[in-house]
Amino acid sequence: MAKTKSPKTFILDTNVILHDPTSISQFQEHNIVIPLAVIEEIDHFKRGSQVININAREFARTLDSITGSALFNGGVSLGKRKGKARIVITKGLSPEIHEVFREDNADHRILSVAYDLHK
C-alpha cells in the first residue's frame, strides 16, 4: 500500500517572488506561507520598469486575484491538487530569538515566521 505524504509548507521570500512572480503556483500539493514582511517588501518594488519591478506588479496582481480574508485565516486553495496559500502576520519576534534578531529587519521577521511555524 502506498503511503500518502503530508504536504510540506514553504515560506516564500521576496527574492523568490522577484525572480519568478509565478512561484506561488509552482509548489504542487504543498502549502505556501507569505509573511506580511514579504508583502511589504514587494510593495516597495512595484514602481519602476526593471524586470524585478514588473515581476513585483505581476505577483501583486496574482495575489489580488486570490485575495480575500481567507488568505489571512487559514489560507486559500491554489487549485485542484494544489496546496493552500496564506499570509502570516507576525506580532513581533518569538521570545527565543528576540535576543539574536531585530524586529526592524524584514529578513529577521521572515525567519521568525519560519521559526514559529517550525515550533
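The rules behind each value
- For every chain, the first residue of the written sequence is number 1, and numbering continues from 1 along that sequence.
- Per-residue local features are limited, in this predicted model, to residues with pLDDT of at least 70; the limit for side-chain atom pairs, both in listing and counting, is 80 or more; totals at the level of whole chains, interfaces and linings are taken over all residues.
- Calculation of side-chain values draws on the structure's entire complement of heavy atoms; hydrogens and water are dropped beforehand.
- A strand pair is defined by DSSP finding two or more bridges across the two strands.
- Segments assigned H or I by DSSP are reported as helices when at least four residues long, segments assigned E as strands when at least two residues long, and all are numbered from the N terminus.
- For every element, the axis is a line fit to its C-alpha atoms; helices are fit only across the contacting stretch, and the angle between N-to-C directions ranges from 0 to 180 degrees.
- Residues are treated as being in contact if the distance between any of their heavy atoms lies within 4.5 Å.
- Lys, Arg, Asp and Glu make up the charged group, whereas Ala, Val, Leu, Ile, Met, Phe, Trp, Tyr, Cys and Pro make up the nonpolar group; the residues left over, Gly among them, are polar.

> So what about the pairing of strand β4 (residues 84–88)? Which residues, and what values?
Inspection of the sheet shows strand β2 (residues 31–35) paired to β4 by four bridges, in the parallel sense. Following the sheet pairing, Ile32 is matched in β4 by Ala85. Of the pairings in the sheet, the one linking strand β3 (residues 76–77) to β4 comprises two bridges and is antiparallel in character. Looking at β4, one finds that Val76 is bridged to Ala85. Between the antiparallel neighbours β3 and β4 lie six residues, among them Gly79 with a positive phi of about 135 degrees.

> Talk me through the packing of helix α2 (residues 36–45) against helix α4 (residues 106–118); I want residue IDs and the actual numbers.
Pairs of packed helices are described in terms of their axes, by the angle between the two and the distance that separates them. Packing of α2 against α4 leaves a shortest axis separation of 8 Å and a crossing angle of 150 degrees. Residues Ala37, Val38, Glu40 and Glu41 of α2 form the contact with α4, whose participating residues are Ala106, Arg109 and Ile110. In terms of residue class, the contact of α2 with α4 is made up of four nonpolar, no polar and three charged.

> Can you explain the sheet that holds β4? Please cite residues and give values.
With mixed pairing, four strands are arranged side by side in an open sheet as β1-β2-β4-β3. At either margin of the open sheet sits one strand with a lone partner, and together these are β1 (9–11) and β3. Contacting β2 and β4, α2 crosses the sheet at an angle of about 65 degrees to β2.

Function cannot be inferred from these measures alone, as they are strictly geometric.
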